[in-house]
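Listed below, chain by chain, are the residues.
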Amino acid sequence: MAADFLDIADFGYDDFFAASFKKEAESGELPARVVGHNRHYYEICCEKGRISAKMSGAIRYASVLKSELPAVGDWVAVSIRQDKGYIRRLLPRKNYFSRRSAGGVVDEQVVAANIDIAFLVMSLDENYNLKRLQRYLSIAAAARINPVILLTKSDICEKLDEMVGEVAAISGRVPVHAVSSFSKESFMLVNSLIKPRETAVFVGSSGVGKSTLVNLLLGEERLATGKVSAATNKGQHTTSARELILLKSGGIVIDTPGMRELQMWQDEELNGFGQTEELAKMCRFADCLHETEPDCAVKQAIEEGTLSAELFEMWKKQQAETRELRIQKERSLKILETRRAKRKKGK
Ligand SMILES: Nc1nc2c(ncn2[C@@H]2O[C@H](COP(=O)(O)OP(=O)(O)OP(=O)(O)O)[C@@H](O)[C@H]2O)c(=O)[nH]1
Ligand SMILES: [Mg+2]
Ligand SMILES: [Zn+2]
């Protein structure tokens, strides 16, 4: 156990968590933040320092969804015995970034919890993909997380203005910044966006430069970063685990491994499509499919060039996916609830 005393306020502990901690705390329990974990252990920080902790059987037993288990960024109640921590409870989350994890049963996987700002990172090379970015925007909006788009590798981009413009066209009110991990200005910009005691998460595909940016903020090569092979320009998965780190500036950052596939889980209104949604309300028929119906405001706007046909296609596709996801989710939840009920009976 690290001997030094930690001020958990530096890790973002505030009245919100204190209120729910105190309500149910048993004697000897301490509030702690999850800063990392592997299959068997959690790394947590509490007033006694950074320690390894195990999850109590009670939490494991009570959880059927993966998202009910602690994840990086979560606040938990721990008890400590002989320098070992035992996680007793998960404190309620302010918000969390999650995605759907495929498997036998569709389940929800928490990428990071209790987030003040999410950096949606996309690089201005082969990784550039507006549809994927749109999906990240939708996830952030559904999760009520404040996003900022970082377009990385601006140093090797030849069509910078054009690409930033394209992103700005779909991002609505979300700020967009082109950055390079090798520039002092980018460091100052990103650093200024992370306020002391606030938590920023970096999400995005593998190889876009998330860990490089975090190292830039740290001022040291603490995290491993990937070599991009010149032949394919594809980064390999370099970061393998999520990790929460304090910056000298007082900000808190969470680096995450690149996600190959990203499917939504949280109940996603179709966000980031404000203009399309507004137009759809003006169609003659409330259930207009925007295909061949008369007086379709959406089709008209596309013909007049005031709505991008591409954006409309993305919207339609995402609507279909959302419908499909709802059906799958309901199915999974039913299976999981049955499992929960069985466990209760077996008790
Ligand atoms: N040209 C250029 N290369 C960069 C920049 N930022 C990062 N890179 C390079 O991109 C490669 C991948 O960077 P990482 O930081 O490991 O990417 P990551 O997003 O953490 O990737 P995963 O951990 O696999 O999710 C490394 O070789 C970096 O040197 C940048 O601003 N410009
Ligand atoms: Mg990384
Ligand atoms: Zn219509």
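Fair warning: this is a prediction, and the values are worked out from it, not measured in the lab.

**Some remarks on helix H8 (residues 297–304)**
Here H8 has its buried residues at Val298, Lys299, Ala301 and Ile302. Burial along H8 is one-sided: seen end-on, the buried residues are contained in an arc of 160°. Within H8, the exposed residues directed more than 90 degrees away from the buried face are Glu303 and Glu304. Immediately beyond the C-terminal end of H8, within one or two residues, lies Gly305, with a positive phi of roughly 85°.

**Side note on the site of ligand 1**
In the region of ligand 1, 24 residues are neighbours, and Gly209, Ser211, Thr225, Thr239 and Gly258 sit closest. In terms of residues, the shell around ligand 1 owes the most to one element, helix H6 (residues 210–218), which gives three residues. Split by residue class, the shell around ligand 1 holds five nonpolar, 15 polar and four charged.

**Some thoughts on the packing of helix H7 (residues 274–281) against H8**
Between H7 and H8, the least distance of the axes is 7 Å, while the angle of their chain directions is 125°. On the basis of the axis angle, H7 is oblique to H8. Across the interface between the two elements, Thr276, Leu279 and Ala280 from H7 touch Ala297, Val298 and Ala301 from H8. Looking at side-chain class alone, the contact of H7 with H8 contains five nonpolar, one polar and no charged residues.

Each value, and the rule that gives it
Residues numbered from 1 in each chain as written. Chains lettered and ligands numbered in written order. Predicted model: local features only at pLDDT ≥ 70, side-chain atom pairs only at ≥ 80, totals over all residues. Buried ≥ 20, exposed ≤ 12 C-beta atoms within 10 Å, placed from the backbone. Helix = DSSP H or I, 4+ residues; strand = E, 2+ residues; numbered from the N terminus. Arc of directions from axis to C-beta. Near = placed C-beta within 6 Å. Nonpolar A, V, L, I, M, F, W, Y, C, P; charged D, E, K, R; others polar. Axes fitted to C-alpha atoms, helices over the stretch in contact; angles between N-to-C directions. Parallel < 35°, antiparallel > 145°, perpendicular 65-115°, else oblique. Contact = placed C-beta atoms within 7 Å.

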